[in-house]
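What follows is each chain in one-letter form.
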Amino acid sequence: MPVPPDIESAIKAFPHQPGVYLFKTEAGKPLYIGKAKDLRKRGASYLRLHQLPSGKARMVMNAHHIDHIVVNTEEEALLLENTLIKQHKPRYNVMLKDDKNFRYIRIDWSEDYPRLSTVRRISDSRAHYYGPYVSGGSLNRTLRLLSRAFKVRDCTLNLRDDTPSSFIKRPCLKKDLGRCTAPCVLNELTEEQKYISKEDYTEQVRQLESFLRGDTSELITELSTNMNKASEAKKYEKAADLRDKIRDIGKLLGNPQDVVNVPFKEADIVAIAFGTDEETSATAARMVIRNSSLVARESYTLSREANQTPAEAMEAFLLQFYGSSTQLPKEIFVETLPTNVGILETWLGTRAGSLELDHKNIKISKPARGARRRLTELALTNAREVRQKHTQKESANLAILERTQEALGLDQLPERIECVDVSHVQGSNPVASMVVFTNGQPDKDQYRKFKIKNEEAAPDDTRRMKEVLRRRFTHSTAPHNPDGDAAKTGHGEEWPLPDLLVLDGGKPQLGIGVEVLKELHLESIPIVALAKQEEEIFFPGKSEPLVLPLTDPALRLLTRARDEAHRFAVSFHRARRNKSTVTSVLDSVPGIGPKTKKQLLEEFGSVQGIRDASDQEIEELIGTEKTERLRRYL
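Conventions and cut-offs
Residues numbered from 1 in each chain as written. Predicted model: local features only at pLDDT ≥ 70, side-chain atom pairs only at ≥ 80, totals over all residues. Heavy atoms only, no water. Helix = DSSP H or I, 4+ residues; strand = E, 2+ residues; numbered from the N terminus. Buried < 20%, exposed > 50% of the residue type's maximum accessible area, 1.4 Å probe, protein only. Contact = heavy atoms within 4.5 Å. Areas by Shrake-Rupley, 256 points an atom, 1.4 Å probe, with all protein chains shown as cover. Pairing = 2+ DSSP bridges. Axes fitted to C-alpha atoms, helices over the stretch in contact; angles between N-to-C directions.

Caption draft 1: Seen up close, the overall build of the protein. If you tally the helices and strands in the protein, you get 19 helices and 19 strands. Within the span of the protein, comprising 634 residues, buried residues form 47% of the whole. For the protein, contacts bridging at least 24 residues in sequence account for 62% of all contacts bridging at least 6. Looking at the protein as shown, the accessible area adds up to about 31700 Å², and 48% of this sits on carbon and sulfur atoms.

Caption draft 2: Molecular detail of the environment of E603. By the element assignment, E603 lies in helix α16 (residues 594–604). Relative accessible area serves as the criterion here: at 13%, E603 is assigned to the buried category. Each residue touching E603, except ones within four places of it in the same chain, is listed here: I168, K169 and L621.

Caption draft 3: Region of interest: the sheet that holds strand β1 (residues 19–24). Overall, antiparallel pairing links the three strands, which are arranged β2-β1-β3 in an open sheet. Two strands in the sheet have a free side with no partner beyond their single neighbour: β2 (30–36) and β3 (65–70). Adjacent strand axes in the sheet meet at a mean angle of 20°, parallel and antiparallel pairs treated alike. Pairing geometry for β1 and β2, over six bridges, is antiparallel. Note that in β2 the partner of F23 across the bridge is Y32. Sheet strands touched by helix α3 (residues 54–62): β1 and β2. Its angle to β2, the strand with the most contacts, is close to 115°.

Caption draft 4: Here's a closer look at the sheet that holds strand β12 (residues 363–365). Spatial ordering of the open sheet is given by β4-β10-β9-β8-β11-β12, a layout of six strands whose pairing is mixed. Each having just a single partner strand, β4 (95–96) and β12 make up the two edges of the open sheet. In this structure, strand β9 (residues 281–290) lies alongside strand β10 (residues 293–303), joined through ten bridges in antiparallel fashion. Within β10, the residue paired with R286 across the bridge is E298.

Caption draft 5: Structural view of the pairing of β1. In terms of burial, β1 is largely enclosed, as six of its six residues are buried. The side-chain alternation of β1 yields two buried faces, one formed by G19, Y21 and F23 and the other by V20, L22 and K24. Here β1 pairs with β3 via six bridges, running antiparallel. If you follow G19 over to β3, its bridge partner there is V70. Counting the residues between successive antiparallel strands, the hairpin from β1 to β2 contains five residues, one of them, G28, with a positive phi of roughly 90°.

These values are about where atoms sit, not about what they do.
Okay, here's the thing in structure tokens:
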């Protein structure tokens, strides 16, 4: 088949300059974004369809038109391409999955007593950032171990030496659990009244940052030396604390596969494992060498179109990962050389300069022999092992989805299942939740919470369900056109349409769901309701429900989604109820404004904590008059 005429004429009009080109759909959504040192020459390669990989040829045939952006240099083209790919997430580009959800460990040195926190965005401040971390569960486990090892605070108190009221009088439970040294506690600004001096606390934070930078050998040596000194001085409690810290750091380091005789001090090793040409994902493995030791192994999932080359995938990974990373190694050893190595090295050097790292020259190479080659082969082995596990898991999930499609009589595979649940207790604080299962697994980034806006007009679950479904589908892309504009009923953020909509309930909820879909011209979306007691599945237009065996994979998938929606809704409802309880009690006290309320809650933790506190403790915080008013109402 020939190249579409509009695309051919546009490519022939490209200038002989560096730039970025964008293949787009009729609605203007990018299908593929590429870069070129010479736009005209690069574009001409797409006019020879028979020489293109099948995935690229299919992309050209699916495109409606092509745009281009001219820049000054090839390096600028590389950076612009990376920015546009992250912004538009084109279907045919290699993408590092969930990179927008990377999390960073943040140490804020603008505070007198820096605290440990996590963020998703790096802002310009005096804070130091470490990451990115891909797995939220892994990061949370790391944070718990960091708190135990270094005892740096992670609360939200803004402690200021020049503001005595920013400190509190009693430590929280984390002090008793040995996870914080409580620099927040003092009566006056005197070091004798604090659990820990400012200098000692600052040293704790410095040690934590030393660990996060990968300087583990020097840190353990330093701690061991201090432990021995403390023991010789008969400061046995301090020596025991240092011993425990060394032990906890060992737990943080885990037990990575031993790497011996590493002939260099610092490097990252990256390899990517591919499945079959038909698979639309790949796995990248990254090994981190610091101080001649392997300190971490991580894996990442890449989404890709079939027939994407290993060099393209490697370039995309390096750009997207190190474009977000705050820790750049001196060397990167790769199993497959990326395209545009020189430009990547220049870009990495520029990033190292902007991060104020000691090294500015970062080398990317593919080792041919020796220990470096053995390490890249080891990284590739790790990537293949993870890839194999992913493939097995994907195959199992596919079998479950195929069974679900068969059991429910669906026209297509339910790759995206949405389940909606409404939760309330005795009518108070009604809320709803929407959970999403993508390819048979919870996709928590897609979960959504809903507050019932008009509680009086929606006194029962069916009316609340109607409100929630209407609001949910105002965020949908247009039906029958996944690459198109937002639906006429929608506005704001676009949410993909589900392949299957599951409602928690029976016939009444199903009737409401069918009514809303018909109202919004979305009748093509398959919908069922799942009743709790007998696990009956109700279908539109059928009087009798479907009853599957409890061991049926399709039913287990639906009940898992239903139970997850219920859990998510209940947790949201509980949070709202607790908040409204605190708000209603304290807000009813005359003379207790938002500032006083915040002081009370920060000091005593809860309304019950305020009740349990003595009059003297409350008076010292808010004065005698407000204390008397508070006691009358509590």
